[in-house]
Amino acid sequence: MTDQPMLNAAARSPCAINESGEEQTMVDIRAAVTDRYREELTVMDRIEFEEFVIVETERLRVAVENLRAATEVAVIARWRAANGGRRPETATLAALYAQAQSSAEESVLSRQLGQGRTDVEDGQHSATGRRSTATAIQRWNTEFADEATPATVELVERVWPTQSAEFQVWAEDLVQARINDGLEVPDGPEHPLTAELTQVVGDVIAGLEARVRAARTLMRGR
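Residues numbered from 1 in each chain as written. Predicted model: local features only at pLDDT ≥ 70, side-chain atom pairs only at ≥ 80, totals over all residues. Heavy atoms only, no water.

Novice: Go over the pattern of salt bridges, please, and point to the residues and values.
Specialist: Taken as a whole, this structure holds six salt bridges when the rule is applied. Between Arg-68 and Glu-65 there is a salt bridge whose closest N-O contact spans 2.4 Å. Of this pair, Arg-68 and Glu-65 both sit in helix 2 (residues 46-82), three residues apart, roughly one helical turn. Among the residues examined, Arg-68 registers a relative accessible area of 5% and is labelled buried. Given the relative accessible area of 24%, Glu-65 is considered partly exposed. Members of the salt-bridge network, linked through shared partners, are Glu-65, Arg-68 and Glu-72. (Salt bridge = Lys/Arg side-chain N within 4 Å of Asp/Glu carboxyl O. Helix = DSSP H or I, 4+ residues; strand = E, 2+ residues; numbered from the N terminus. Buried < 20%, exposed > 50% of the residue type's maximum accessible area, 1.4 Å probe, protein only.)

As structure tokens, then:
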């Protein structure tokens, strides 16, 4: 008697199943880390926060992976014990792998992110003061950047129509800051300020990418 398929994965190997689960785990962990520390680490600028998220995500991914391996053995053993010692077929095995992955992820994130929040009250007070005293242009590339208005978003799309979405998001914050501080902003690709602001945004993105690479190198070396 064969098992009823539990997942549409009959043709997938256990290796492929695990790889797919690991990719989703990275997404889930990154989202959990970002949500967990977004408000707590407001004293960091965007680049510092992104670097922290990458390093913390990798640390937790390794913890999940280690626990998953042990959990898989236990989950499969329980299934076989409940099913007369039979070996699970591929579809059933896929479901058991997914169960182990989910269990390991939930356990690690609950334990690691749900315990002992860092005491940063002094830092938060300092950050609040910094936002109230710093100009918009001083804050544009930090967590305290002013939110771009719909008009600013449209302006950025007009000035930098061929740039990436990432570039445009940074440019929106920069242009909004200049508007809020009463500074001149470009109105099209040929405006004299366009090249200058393109360089400013490009330097920030390049710095972020360099620090991300450094963080990944650091984690691989551990």
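Having seen the model, we can carry on.
Novice: Quick rundown of the packing of aromatic side chains? Include the residues and the values.
Specialist: According to the stated counting rule, one finds two aromatic pairs in the structure shown. Measuring from ring centre to ring centre gives 6.1 Å for Trp-140 and Trp-170, while their planes differ by 85 degrees; the resulting arrangement is edge-to-face. Here Trp-140, found in the loop between helix 5 (136-139) and helix 6 (150-159), pairs with Trp-170, found in helix 7 (residues 165-180); they are 30 residues apart in sequence, far enough to count as distant. Across the pair, Trp-170 and Trp-140 agree in class, each one buried. (Phe/Tyr/Trp six-rings, centres within 6.5 Å; stacked < 30°, edge-to-face > 60°.)

Novice: Can you break down the nonpolar core residue by residue, with the values?
Specialist: In this structure, Trp-140, Trp-160, Phe-167, Trp-170, Ala-171 and Val-201 are the most contacted members of the largest nonpolar core, which totals 18 residues. Of all the secondary structure elements, the ones that give two or more residues to this core are helix 6, helix 7 and helix 8 (192-220). If you tally residues by element for this core, the top one is helix 7, at six residues. Those residues in contact with Ala-171 that sit more than four places away from it in its chain are Val-156, Trp-160 and Val-201. Of all hydrophobic cores here, the second largest spans 11 residues; its members include Val-33, Phe-49, Val-53 and Val-64. (Core = buried A, V, L, I, M, F, W, Y, C linked by side-chain atoms within 4.5 Å. Contact = heavy atoms within 4.5 Å.)

Novice: Before we move on, could you go through the packing of helix 6 against helix 7 and cite the residues and values that matter?
Specialist: The interhelical angle for the contact between helix 6 and helix 7, taken along N-to-C directions, is 120 degrees, at an axis separation of 9 Å. Relative to helix 7, helix 6 is oriented oblique. Note that helix 6 runs across helix 7; the crossing there is right-handed. Along its contact with helix 6, which presents Thr-152, Val-153, Leu-155, Val-156 and Glu-157, the element helix 7 presents Gln-168, Ala-171, Glu-172, Val-175, Gln-176 and Ile-179. (Axes fitted to C-alpha atoms, helices over the stretch in contact; angles between N-to-C directions. Parallel < 35°, antiparallel > 145°, perpendicular 65-115°, else oblique. Left-handed = near helix turned anticlockwise from the far one by under 90°.)

Novice: Now, about helix 6: what can you tell me, with residues and values included?
Specialist: All of the buried residues in helix 6 are Thr-152, Leu-155, Val-156 and Val-159. Burial along helix 6 is one-sided: seen end-on, the buried residues are contained in an arc of 100 degrees. Residues of helix 6 that are exposed and point more than 90 degrees away from the buried face comprise Pro-150 and Glu-154. (Arc of directions from axis to C-beta.)

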